[in-house]
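Notes for the structure review
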Amino acid sequence: MDIISQLQEQVNSIAALAFNTFGTLQRDAPPVRLSPNYPEPPPNPTEDSANFAEQPKLMSAALVKAAKQFDALVAALPPSEGGEEAQLRRIAELQAENDAVGQELQKQLEAAEKELKQVQELFSQAADNCLNLKKPD
């Protein structure tokens, strides 16, 4: 797998970890009293506080590990050659080459279409000749 694909996979992994972390924190967070005017919220009996306290640490560690792996992949990218100006020149060269190849392909397509028309006409003539040779019953 090339480095760009690895970077894309790592970004997807970070996004999934973040999504799961935020969802889990939202789901499992203990209720909090918003104002003294509201009654005290009932405690969340399904989750023990030790498990809830440990979960954010584990999830944040996984996010940090994924971010460090992403940083390592970015560091492994090859350095840019010659800066922005050289890259722009290379892009212009590739675009010119692409245009030339496109024109050549267009010429070949037109020639192929012309040849197809000729073959179709010859086939039509041959079919007509075969039909004309048959004697009516």
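Residues numbered from 1 in each chain as written. Predicted model: local features only at pLDDT ≥ 70, side-chain atom pairs only at ≥ 80, totals over all residues. Heavy atoms only, no water.

1. Re the overall build of the chain
- Helix and strand counts for the chain stand at three helices and zero strands.
- When the helices and strands of the chain are placed in sequence order, the string is α-α-α.
- For 137 residues, the compact-globule estimate of 2.2 N^0.38 gives 14 Å, and the chain exceeds it by more than 25% at 34 Å.
- Expressed along its principal axes, the backbone C-alpha trace of the chain runs to roughly 105 × 60 × 30 Å.
- Burial analysis of the chain (137 residues in total) assigns 9% to the buried set.
- Residue pairs in contact within the chain that sit at least 24 positions apart in sequence constitute 69% of those at least 6 positions apart.
- Taken as a whole, the chain presents about 11,800 Å² of accessible surface, with 59% of it coming from carbon and sulfur.
- Across the chain, the 12 positively charged side chains and the 21 negatively charged ones have centroids separated by 3 Å. (Helix = DSSP H or I, 4+ residues; strand = E, 2+ residues; numbered from the N terminus. Rg over C-alpha atoms; globule rule 2.2 N^0.38 Å. Buried < 20%, exposed > 50% of the residue type's maximum accessible area, 1.4 Å probe, protein only. Contact = heavy atoms within 4.5 Å. Areas by Shrake-Rupley, 256 points an atom, 1.4 Å probe, with all protein chains shown as cover. Lys, Arg positive; Asp, Glu negative; His and termini not counted. Charge placed at Lys NZ, Arg CZ, Asp CG, Glu CD.)

2. What to know about the UniProt feature "coiled-coil region" (unreviewed entry) in the chain
- Look at the UniProt record and you will see "coiled-coil region" (unreviewed entry) annotated at residues 91–129.
- For residues 91–129, helix accounts for 100% and strand for 0%, while the C-alpha atoms at its two ends are 56 Å apart. (UniProt positions renumbered as here; feature names shortened; annotations may be inferred.)

3. Structural notes on the pattern of salt bridges
- As enumerated under the stated definition, the model contains two salt bridges in all.
- Here D28 ties to R27 by a salt bridge, and the two come within 2.7 Å at their closest N and O atoms.
- Between E93 and R90 there is a salt bridge whose closest N-O contact spans 3.6 Å. You can see E93 and its partner R90 sitting in helix α3 (residues 83–133), three residues apart, about one turn around the helix. (Salt bridge = Lys/Arg side-chain N within 4 Å of Asp/Glu carboxyl O.)

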